[in-house]
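Now for the letters of each chain:
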Amino acid sequence: MAEFTAEVYQNEFLPEGGTDVNAIVTMTCSGAGSAGQTGSGDAGEIIIVDTSGSMGRTKLEAAKVAASAAVDQILDGTWFAVVAGTHQAYLAFPLVRAGRGMVLMDSSARQAAHQAISQFRSDGGTAMGTWLTLAGRLFDSVPGLVQRHAILLTDGENHNETPEQLTNAIMGVTGKFQCDCRGVGVDWQVAEVRRIAQALLGSVDIIPEPDQMSQVFAELMQQSMSRGVADAQLRVWAPQGAQVLFVRQVSPTVEDLTSRRVEVNPLTGGYPTGSWGDESRDYHVSVRLAAKAIGQEQLAGRVQLAVADQVVAQGLVKAKWSDDEGLTTRINPEVAHYTGQTELAQAIQDGLAAKAAGDEETATKKLGRAVQLAAETGNEEATTRLRKVVDIDDSETGTVRLKRAVEKADEMALDTASTKTTRIRG
Amino acid sequence: MTDHMTQSAVPVPPVAIRQPDGSLTCPHCGADVAAEEAFCEACGGRLAPTAAGEAEVPDDMAAPIDITRSIQTEPENEDTVVIARPCANCGGVIGADGYCESCGTKAPTERDHYTEYPASWVAACCDRGIRHPRNEDATAVAADPTPGGRAVLVVCDGVSTSIDSDVASLAAARAARDVLVANRPEGLGTPASRVAATSNAIAKAAASGNAAVIDNTAVGSENAASCTFAAAVVEGDLVVFGNVGDSRVYWIPDHGAGEPKELSVDDSVAQARIAMGIPREEAEHGPQAHAITKWLGRDSPDFSPLTGSLTLGSPGWVLVCSDGLWNYASEAAAIQSLVAELNPPDLNPLTLAVALVDWAKGQGGKDNISVALARV
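Per chain, residue numbering runs from 1 following the sequence as it is written. Following the order in which they are written, the chains are lettered starting with A and the ligands numbered starting with 1. Local features in this predicted model are restricted to residues of pLDDT 70 or higher, and side-chain atom pairs are both shown and tallied only at a pLDDT of 80 or more, whereas totals for entire chains, interfaces and linings draw on every residue. To get the side-chain values, take all heavy atoms of the structure and skip hydrogens and water.

Peer 1: Would you explain unusual backbone geometry in this entry?
Peer 2: Excluding glycine, most residues fall at negative phi; most peptide bonds, likewise, are trans. Residue P94 of chain A is reached from F93 of chain A by a cis peptide bond, and omega for that bond is 0°. Put simply, DSSP marks the helices as runs of H or I at least four residues long and the strands as runs of E at least two long, and each gets a number from the N terminus on. Mapped onto the fold, P94 of chain A is located in the loop between strand 6 (89–93) and strand 7 (103–104). Omega for the bond connecting S251 of chain A with P252 of chain A falls within 30 degrees of zero, at 5°, which places this linkage in the cis form. Within the secondary structure layout, P252 of chain A lies in the loop between strand 12 (243–251) and strand 13 (255–256). One non-glycine residue, Q288 of chain B, lies in positive phi territory at about 60°. Examined against the element boundaries, Q288 of chain B turns out to sit in the loop between helix 5 (280–285) and strand 14 (291–292). Summary of the burial criterion: residues with accessible area below 20% of their type's maximum are buried, those above 50% are exposed, and those between are partly exposed, where the area comes from a 1.4 Å probe applied to protein chains only. For Q288 of chain B, a relative accessible area of 49% translates into the label partly exposed. One non-glycine residue with positive phi stands out, namely D346 of chain B, at about 60°. Here D346 of chain B shows up in the loop between helix 7 (332–342) and helix 8 (349–362). What makes D346 of chain B exposed here is its relative accessible area of 77%.

What follows is the structure in structure tokens.
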């Protein structure tokens, strides 16, 4: 039985007239169990592989190995399917034309899936929207699936669809399943694939070399299978008259959830968080209150996690007005850390976008700021990635020069990893 | 706020040494001592009492009915979050977490605000005020049912710079009250002997309050809990009073019925300045004016109360209060005017106590406020 805890990190003291309360709330899940095995309902997995012409022989052969490795990680009793994607989407496995488009995993299904994957041929264009739409229909064809997850592999740009078509396809499946996206090589667009991953509560990353695919796929599937809590909703209650300025996931990655609010009740907003394994996630909640008199205390927020409409953990965010400057000027280290990490993610993305657009001045400034923030917040991984794109003269002041020769894969890795944050506690 | 003036300079007295046979010995001279003793009988060395005074409060079964049953106190229900009551701010529902489900206002705990009303002529109100995060004041009162009988009024004001003062002050006030309830002089005696006996009881009550504070101080606490003590015992036309620190006892006769008086004498820097001839207004607003020179608690150098008595002789109010009230009306005449202005209907003590607390909150409520009243 999964158990959840909530911890709140904040400075609850506000000065006279103070209105804005910031808090980091850590939600921790333990005892999650395995996907589809906890009695709360079945799990479904779909593996979506780009089989467009650009994949060529090397990448396609590697993709076959990777898809098979992922199939091997799917637990028996899990519903699954394999989709081959070009400018159209094909159901590669199971071999059906109507009815349920997914089958329960067992040893014979696993073997048959391997067989189907080995038949992949590289041909045609790329239309990821159609792949997503088919995956959505396949999940819908199985009643009672409570946990739905897909892995999407691509190697190129979405040539055969307009951005609007892709947007519509994403909107059509948002909330239907989660999707971890991986791009192999350097010919795909990070921003395009990130759009899919963010909407579908998944991750995005680069697989620079085809021979790395198999391990990545196996790990992604293992991780998904270890998420025994099918779905959880973050809930933020704020008092009457208060304004929720933003709600962000800040660890393990930065995701702004503010615009994903659905109303639970007039004072409570719900935000999707997808499935959970044994893990911790940190959320940054910012609430604006009407100022109260010195000495007054009130609740600024109830930050909850709900599973199947039951609140399973709650953290209280408080506000206490004080005339003690020693209390009110104290900066909470967690809030400061994640505020810096959020700005770091934005600075990296803005800097790389400016660089791609040929605006070297903005790129230098933004990436310089990113170097500074990475140093300040102790994000060594980000610093290492930034070093591959800029020469650092002084990390304290953020003085950098753009490297003249940059490996495209390094730049893409910096981009995909920009939202990854570090923790300041163990 | 009540601050210690010399807290850090006062050494904490050592605790008696427990011998293998369970007996206690003085750490100074080795003589046998009792757990509740603050001084060694043999050498006079200071001790930190480790237990309350024994059996000063007779148990219900053993006590004569006419002593214990005639005195009523409110049921004890401190420290519980009230969740049945609607939100004081917006009328919303209070959640299980103790905050309003609509506006988020923290529901006051019983400790933040409570009243006592043991008899139609005696009441008390104790409140967090506006600016302090918690209520470290405490009141404890008891009274015979019939006006003109005996009433016990106790106020303790926790020192906010020390740890757990809210718990300690309430324990002290209740312990002191219980001692005063139990130590009811029997037989008529002379007025002088009644005063002497009651003064003695007030000193015992202070000692018991002191022991209660120490009992509620964590052994390793670096900032020992401490509080003031002010008590008045009304018996018919006589009031006997005593205090440690700067909580006060006033006699407030009805307007035109006599001269109002501040009966207690603060143990404070301000009072020391007044004694030196500095005008009251100036003395009470000077630096460290609120620093007290005596208090109850583990690090108290002296908790013996200064006691006194007065024959009242006219209708009015005996008032025991903390500085949360008198900060805004220090002169007895100012309180008399205030009481006349508030003019409680039917001379109801609870109405007046609540009105005085609300008035102090209206003045800014910078400190916790305690008001205990007996109508004479």
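Peer 1: Explain the side chain of N158 of chain A to me, please; I cannot follow it from the model alone.
Peer 2: Residue placement: N158 of chain A occurs in the loop between strand 8 (145–154) and helix 4 (163–173). Side-chain polar atoms of N158 of chain A contact the side chain of E161 of chain A, separated by 2.8 Å. Two N or O atoms count as a polar contact when they lie within 3.5 Å, although within protein this holds only if one can serve as hydrogen donor and the other as acceptor, and sequence-adjacent residues are included solely when both atoms are side-chain atoms.

Peer 1: When you look at the packing of aromatic side chains in this model, what are you seeing that I'm missing?
Peer 2: Think of a pair of aromatic rings as described by two things: how far the centres are apart, and how the planes are tilted against each other in angle. Each pair of aromatic rings taken from Phe, Tyr and Trp, with Trp reduced to its six-membered ring, is defined by centres within 6.5 Å and is described as stacked if the planes are under 30 degrees apart, edge-to-face if over 60, and tilted in the remaining cases. Evaluated as defined, the whole model comprises four aromatic pairs over all chains. Seen from their ring centres, F4 of chain A and W276 of chain A are 6.0 Å apart, and the 75° between their planes marks the pair as edge-to-face. Of the two residues, F4 of chain A sits in strand 1 (residues 3–10) while W276 of chain A sits in strand 15 (residues 268–276), which places them 272 residues apart along the sequence. Relative accessible area serves as the criterion here: at 0%, W276 of chain A is assigned to the buried category. Summarising the aromatic geometry, the rings of F139 of chain A and F177 of chain A are spaced 5.1 Å apart at their centres and angled 40° between planes, so their arrangement reads as tilted. Residue F139 of chain A is located in helix 3 (residues 128–140), and its partner F177 of chain A is located in the loop between helix 4 and strand 9 (178–184); the two are separated by 38 residues in the primary sequence. Side by side, F139 of chain A and F177 of chain A carry an identical accessibility label, which is buried. In this scheme, Lys NZ or Arg CZ marks a charge over a ring once it lies within 6 Å of the ring centre and within 35 degrees of the ring normal. Between R248 of chain B and the ring centre of W326 of chain B, over which it is positioned, the NZ or CZ distance is 3.4 Å.

Peer 1: Just to check I follow, could you spell out the interface of chain B and chain A for this structure?
Peer 2: Often, the extent of an interface is quoted as the loss of accessible area on bringing the components together. Counting residues at the interface gives 15 residues for chain B, matched by 16 residues for chain A. Each partner contributes to the roughly 1200 Å² buried at the junction of chain B and chain A, and carbon and sulfur atoms together form 40% of this total. Taken as a group, D97, Y99 and R131 of chain B account for 41% of the area that chain B buries against chain A, more than any other trio of residues on that side. Whenever a carboxyl oxygen of Asp or Glu lies within 4 Å of a side-chain nitrogen of Lys or Arg, that contact is scored as a salt bridge. The tally of links between chain B and chain A comes to three salt bridges. Across the pair D323 of chain A and R131 of chain B runs a salt bridge, and its minimum N-O distance is 2.7 Å. Our count for the chain B to chain A interface comes out at 13 residue pairs in polar contact (both at pLDDT 80 or more). Contacts are assigned to residue pairs with any non-hydrogen atoms lying within 4.5 Å of each other. Buried surface area refers to the total accessible area, computed with a probe of radius 1.4 Å, that the two partners give up upon joining, counted for both partners together.

Peer 1: Where do I start with the pairing of strand 17 (residues 316–321) of chain B in this structure?
Peer 2: Here is the key point about a regular strand: its side chains alternate between the two faces of the sheet. Residues and elements named next belong to chain B. Of all six residues that make up strand 17, six are buried, and the element is covered over most of its length. Here strand 12 (residues 248–253) pairs with strand 17 via six bridges, running antiparallel. Its bridge partner lying in strand 17, V249 is registered against V320. Of the pairings in the sheet, the one linking strand 17 to strand 18 (residues 369–375) comprises five bridges and is antiparallel in character. Within strand 18, the residue paired with W317 across the bridge is R375. If DSSP finds at least two bridges between two strands, the strands pair.

Peer 1: Which parts of the structure should I look at to understand the sheet that holds strand 2 (residues 13–14) of chain A?
Peer 2: The strands making up a sheet associate through backbone hydrogen bonding, with each pair oriented either parallel or antiparallel. Residue and element names in this part refer to chain A. Overall, mixed pairing links the six strands, which are arranged 2-18-17-11-15-14 in an open sheet. A strand with exactly one partner marks an edge of an open sheet, and here the two such strands are strand 2 and strand 14 (262–265). In terms of strand pairing, strand 17 (residues 297–307) meets strand 18 (residues 310–321) through ten bridges, oriented antiparallel. Following the sheet pairing, V303 is matched in strand 18 by G315.

Peer 1: Would you take a moment to explain the layout of surface pockets for this structure?
Peer 2: Rolling a probe over the atoms, with the probe sized like a water molecule, indicates the empty space that remains. Residue and element names in this part refer to chain A. The pocket and cavity definitions rest on a 1 Å grid over protein atoms only: a 1.4 Å probe that fits but cannot leave marks a cavity, an open set with protein on both sides within 12 Å along at least five of seven lines marks a pocket, and residues lining either have an atom within 4 Å of a point. Grid points are joined across faces, edges and corners, and a volume is the space filled by probe spheres set on the points. Roughly 740 Å³ of internal volume is contained in the second largest pocket. Lining the second largest pocket we find 32 residues, and of these G202, S203, R227, P252 and T253 sit closest to its centre. Counting only elements with at least two residues in the lining of the second largest pocket, the list comes to strand 9, helix 5 (190–199), strand 10 (204–207), strand 15 and strand 16 (279–288). Residues are grouped as follows: Ala, Val, Leu, Ile, Met, Phe, Trp, Tyr, Cys and Pro are nonpolar; Asp, Glu, Lys and Arg are charged; all remaining types, including Gly, are polar. Of the residues assigned to the lining of the second largest pocket, the class counts are seven nonpolar, 14 polar and eleven charged.

Peer 1: What is the right way to look at the environment of Q119 of chain A in this model?
Peer 2: Within the element layout of this structure, Q119 of chain A appears in the loop between helix 2 (107–118) and helix 3. With 55 residues separating them along the chain, Q119 of chain A and K64 of chain A place their C-alpha atoms 8.9 Å apart.

Peer 1: Can you walk me through helix 8 of chain B in this structure?
Peer 2: Note that an α-helix has 3.6 residues per turn; residues three or four places apart therefore point the same way. Residue and element names in this part refer to chain B. In this model, helix 8 (14 residues) spans 20 Å end to end at C-alpha, consistent with the 20 Å of a helix rising 1.5 Å per residue. Buried residues along helix 8 sit in contact with strand 5 (113–119), strand 6 (122–127), strand 17, helix 6 (323–326), helix 7 and strand 18. Capping the start of helix 8 is the job of one residue whose side-chain oxygen sits 2.7 Å from the backbone nitrogen of L350: N348. One or two residues past the end of helix 8 sits G364, with phi positive at roughly 130°. Expected helix span is given by 1.5 Å per residue-to-residue step, counting one fewer step than there are residues.

Peer 1: Just to check I follow, could you spell out the environment of Q88 of chain A for this structure?
Peer 2: Residue and element names in this part refer to chain A. With respect to the helices and strands, Q88 occurs in the loop between strand 5 (79–85) and strand 6. Excluding residues within four positions of it along the chain, Q88 makes contact with T130 and W131. Separated by 3.0 Å, the side chains of Q88 and Y90 make a polar contact.

Peer 1: I keep staring at the side chain of T421 of chain A and nothing clicks. Help me out?
Peer 2: Residues and elements named next belong to chain A. In this fold, T421 is placed in the segment after helix 11 (408–416). A distance of 2.6 Å separates a polar side-chain atom of T421 from the backbone oxygen of V250. With residues up to four places along the chain from it excluded, the contact list for T421 reads V250, S251, P252, T253, V254, Y338, Q341 and N379.

Peer 1: Sorry if this is basic, but what is going on with the pattern of salt bridges here?
Peer 2: Here the idea is simple: oppositely charged side chains can pair when their charged atoms come close. Under the counting rule described, the total for this entry stands at 38 salt bridges over all chains. Between K176 of chain A and D140 of chain A there is a salt bridge, with its nearest N and O atoms 2.9 Å apart. Taken together, the residues span a long stretch of sequence, with K176 of chain A in the loop between helix 4 and strand 9 and D140 of chain A in helix 3 at a distance of 36 residues. Taking the relative accessible area as the measure of exposure, K176 of chain A reaches 31% and is therefore partly exposed. One salt bridge in this structure joins E297 of chain A and K106 of chain B, with 3.3 Å as the shortest N-O distance. With E297 of chain A in strand 17 and K106 of chain B in the loop between helix 1 (65–68) and strand 5, this pair bridges two chains.

Everything listed is a geometric property; what it means functionally is a separate question.
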